[in-house]
Amino acid sequence: MVLLALVLSISVFAAVSQIVLPVPVNEIDFERLSPVNVFLMLFLMHAILVVTLSVWMVLGYRRCGHDARTVVLSQLGLRTRTGQSLPVELGIGFGTGVVLWAGVLFVLLITALLVGAVGGFENLPNEAPEMVLWMGSLPVLLRLMVSLSAGVVEEVFFRGFLMPRAGFVTSNVLFVLAHLSYEQPFMLLGVALLSVGFSYLTIWRGNIWPAIAAHFLFDAIQLLILVPSAANAAGNSP
């Protein structure tokens, strides 16, 4: 529990105050980041989560009498039920991911129209956060790696590991808090909707493989298609 509290303080609560960053996100000069800093920004938090889970497995199950593969699959939601196959579970995830993607965009559009009608459309954000635009300008392979890393690591940690231990509500709240660096309410609303969708998908299928596929698909669509298109339309072509 001390280990879990430590990693949550780094990966979640630090995101609220941005204490792990040398400067706030909105003050980072993304164009001048060194290759090392690029990889640290993209993959450091995921690496911390992987190390945390690895240490947790060793501390808790090194003497349980089962092999490492059995422990990892059963404790992190990676074991499929009898009669299920991995290709089918991934296919369900990709299909559900398309539905979630369309549903989230629809809800965000309706919300933006309602907020604009009440408070004035000039108060709505008219561009994506700089960090998101920067990620959309990265090489295609790197964007795919980011999408795959997020899909696997974040689902293993928040859905496979945390949700059975901390509960549905807590794991989803922590997932949203971990994405506060986006600094835009509408994006956080989208993250919250996706998180709930991934959680219900995990409960329905009894494993996290569909959620991994859906998460990867959503991030890949955003980083490979929507964000670059938005940047080009705004005259911010990478």
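Quick note: structure is the one above.
Residues numbered from 1 in each chain as written. Predicted model: local features only at pLDDT ≥ 70, side-chain atom pairs only at ≥ 80, totals over all residues. Heavy atoms only, no water.

**What about the overall build of the protein?**
Phase 1 of the analysis: Along the backbone of the protein there are nine helices and zero strands.
Phase 2 of the analysis: Within the protein, contacts between residues at least 6 apart in sequence are counted, and of these 77% link residues at least 24 apart.
Phase 3 of the analysis: By element, 70% of the accessible surface of the protein is carried by carbon and sulfur atoms, the whole surface being about 12600 Å². (Helix = DSSP H or I, 4+ residues; strand = E, 2+ residues; numbered from the N terminus. Contact = heavy atoms within 4.5 Å. Areas by Shrake-Rupley, 256 points an atom, 1.4 Å probe, with all protein chains shown as cover.)

**Observations regarding the pattern of salt bridges**
Phase 1 of the analysis: Applying the stated criterion to the full structure yields two salt bridges.
Phase 2 of the analysis: In this structure, Arg205 engages Glu89 in a salt bridge whose closest nitrogen and oxygen atoms are separated by 2.6 Å. Of the two residues, Arg205 is situated in helix α8 (residues 185-205) and Glu89 in helix α4 (residues 86-119); the sequence distance between them amounts to 116 residues. (Salt bridge = Lys/Arg side-chain N within 4 Å of Asp/Glu carboxyl O.)

**As for helix α2 (residues 35-61)**
Phase 1 of the analysis: If you check α2, its first and last C-alpha atoms are 37 Å apart, about what 27 residues at 1.5 Å a residue would give, namely 39 Å.
Phase 2 of the analysis: At Phe43, α2 is deflected by roughly 50°, the largest bend along its length.
Phase 3 of the analysis: For α2, the complete set of buried residues consists of Val38, Leu42, Phe43, His46, Leu49, Thr52, Leu53, Trp56 and Met57. (Expected span 1.5 Å × (residues − 1). Bend = angle between axes of the 7 residues up to and from the residue. Buried < 20%, exposed > 50% of the residue type's maximum accessible area, 1.4 Å probe, protein only.)

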